[in-house]
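What follows is the residue order along each chain.
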Amino acid sequence: MPAKRRRPSRKHIPSKKAIPKGIPSERKNTHPKDIPVKRPAPKRKGTGRLRGVFSRRFILFGLLSIAALAFFIRCLHLFDPGHYYIISADSYLFHWMADRVMDGQSIPTNIQPSGLAYPLAYIATTIGHVFSMSDQDALTFVSKYLPPFIGVLTAVLIYLGLSRMYDRRTGLCCAVAWAVLPHAYFIQAAGYLDRDGINVSLILIGALAFFFSRRWRLNIKGWDLGWVFGVVVVLILSLIHI
């Protein structure tokens, strides 16, 4: 018969009590609290808030400076006493149309387009009633300062749109470029009563409305009709302008 195998004696199996106290057991799990964690250096209180306040103030100061620069450049020719404030041939016609509208007369149907005649007439009538100005003085005031105001509004719209698309620095740089661009300050200069300047603003508003309405896009049978929102905004503004 084969010899029986002897079982190992329990004396040779190390027990838990036999493990030295200085050596940790393999089965023992370390708690996460016992692991040293490197903590970042404490920040100074109020540093982030001060940076945020200064950045907002810098952006506001920069935007106001750009608006003032755009308005000033578009009014430079008004400082010359020998220069008449109207700067284009068509603007004389649109000024005459606005004068007729203020007198309650109609514009001849064979003369198109009307430029800024209707906005000039309505705004000049309102200013004349509020500040007790004559029709001619009110129309002259609006003819001088409405186009530069449109230029300032366009620069602000450019900053608001591009700062959302990219960042604030890009928005400020593009607003400065529009403020000093020669063609831009000509079509929005004081006394330029054609509708080129306001058309730029309308196109810009429509483009921004189309860009920021991406979440509101409407898909019908595979056709993306999100651009309709921007077109509707431009049409509404065009009807108000006319």
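Further up the page is the structure itself.
These remarks concern the structure in this document. All figures in this text were calculated on a predicted structure; none of them were measured in a lab.

### Observations regarding the overall build of the chain
- Per the secondary structure count, the chain includes eight helices and two strands.
- Moving toward the C terminus, one meets the helices and strands of the chain in the order α-α-α-α-α-α-α-β-β-α.
- Residues classed as buried in the chain amount to 33% of the 242 residues present.
- In the chain, of all internal contacts separated by at least 6 residues, the share reaching a separation of at least 24 is 60%.
- Per element, the accessible surface of the chain, about 18200 Å² overall, is 63% carbon and sulfur.

### Brief notes about unusual backbone geometry
- Notably, Ser132 is not glycine yet its phi reads approximately 55 degrees, a positive angle.
- Tracing the backbone through its elements, the reader meets Ser132 in the loop between helix 3 (117-131) and helix 4 (135-165).
- Overall, Ser132 belongs to the exposed group, its relative accessible area being 69%.

### Quick look at the state of the cysteines
- Summed over the entire model, instances satisfying the criterion amount to zero disulfides.
- No disulfide involves Cys174; its sulfur sits 6.8 Å from that of Cys173, the nearest cysteine.
- Among the residues examined, Cys174 registers a relative accessible area of 29% and is labelled partly exposed.

### A short note on the packing of aromatic side chains
- Applying the stated criterion to the full structure yields seven aromatic pairs.
- Here the aromatic rings of Phe72 and Phe79 are separated by 5.9 Å at their centres, their planes lie at 50 degrees, and the arrangement is tilted.
- According to the relative accessible area criterion, Phe72 is partly exposed, its value standing at 46%.
- When the ring of Tyr118 is compared with that of Tyr122, the centres are 6.1 Å apart and the planes differ by 40 degrees; the resulting orientation is tilted. On the criterion of helical spacing, the pair formed by Tyr118 and Tyr122 is a turn pair, its members being four residues apart in helix 3.
- The ring of Tyr85 carries the charged tip of Lys144 above its face, separated from the ring centre by 5.5 Å.

### What about helix 4?
- Over its 31 residues, helix 4 runs 44 Å from end to end, which matches the ideal 45 Å to within 8%, given 1.5 Å per residue.
- Considering bend angle alone, the principal kink of helix 4 is centred on Tyr145 and spans about 30 degrees; proline Pro147 follows within four residues of it.

### Looking at empty space enclosed by the protein
- Under the criterion given, the structure shown has one cavity of 30 Å³ or more.
- One number sums up the size of the largest cavity: a volume of about 30 Å³.
- If you go around the largest cavity, the residues you meet are Leu116, Pro147, Ile150, Ile187, Gln188, Tyr192, Asp194, Gly197 and Ile198.

### With respect to a nonpolar patch on the surface
- A surface patch of nonpolar side chains, amounting to about 370 Å² of accessible area, comprises Phe71, Phe141, Tyr145 and Phe149.
- At three residues, helix 4 tops the list of elements feeding residues into the nonpolar patch.
- When you line up the elements, Phe149 lands in helix 4.

### A look at the packing of helix 2 (residues 89-102) against helix 3
- Relative orientation of the contacting elements helix 2 and helix 3 amounts to 50 degrees, with a least axis distance of 8 Å. Comparing their axes, helix 3 and helix 2 come out oblique. Seen along the crossing, helix 2 lies across helix 3 with a hand that is right-handed. The residues of helix 3 that touch helix 2, namely those facing Phe94, Met97, Ala98, Val101 and Met102, are Ala117, Tyr118, Leu120, Ala121, Tyr122, Ala124 and Thr125.
- When its residues are assigned to classes, the contact of helix 2 with helix 3 shows eleven nonpolar, one polar and no charged.

### Focus: the packing of helix 2 against helix 4
- Running from N to C, helix 2 and helix 4 cross one another at 140 degrees; their axes reach a closest spacing of 11 Å. Compared by their axis directions, helix 2 and helix 4 come out oblique. Helix 2 and helix 4 meet at a crossing whose hand is right-handed. Residues His95, Ala98, Asp99 and Met102 of helix 2 pack against Asp135, Gln136, Leu139 and Ser143 of helix 4.

Thresholds, definitions, all that
Residues numbered from 1 in each chain as written. Predicted model: local features only at pLDDT ≥ 70, side-chain atom pairs only at ≥ 80, totals over all residues. Heavy atoms only, no water. Helix = DSSP H or I, 4+ residues; strand = E, 2+ residues; numbered from the N terminus. Buried < 20%, exposed > 50% of the residue type's maximum accessible area, 1.4 Å probe, protein only. Contact = heavy atoms within 4.5 Å. Areas by Shrake-Rupley, 256 points an atom, 1.4 Å probe, with all protein chains shown as cover. Disulfide = S-S within 2.5 Å. Phe/Tyr/Trp six-rings, centres within 6.5 Å; stacked < 30°, edge-to-face > 60°. Lys NZ or Arg CZ within 6 Å of the ring centre and 35° of its normal. Expected span 1.5 Å × (residues − 1). Bend = angle between axes of the 7 residues up to and from the residue. 1 Å grid on protein atoms, 1.4 Å probe; cavity = no way out; pocket = protein on both sides within 12 Å on 5 of 7 lines; lining within 4 Å. Points joined across faces, edges and corners; volume = space filled by probe spheres on them. Patch = residues over 30% accessible without salt bridge, like charges linked within 9 Å, V, L, I, M, F, W, Y side chains within 5 Å. Salt bridge = Lys/Arg side-chain N within 4 Å of Asp/Glu carboxyl O. Axes fitted to C-alpha atoms, helices over the stretch in contact; angles between N-to-C directions. Parallel < 35°, antiparallel > 145°, perpendicular 65-115°, else oblique. Left-handed = near helix turned anticlockwise from the far one by under 90°. Nonpolar A, V, L, I, M, F, W, Y, C, P; charged D, E, K, R; others polar.

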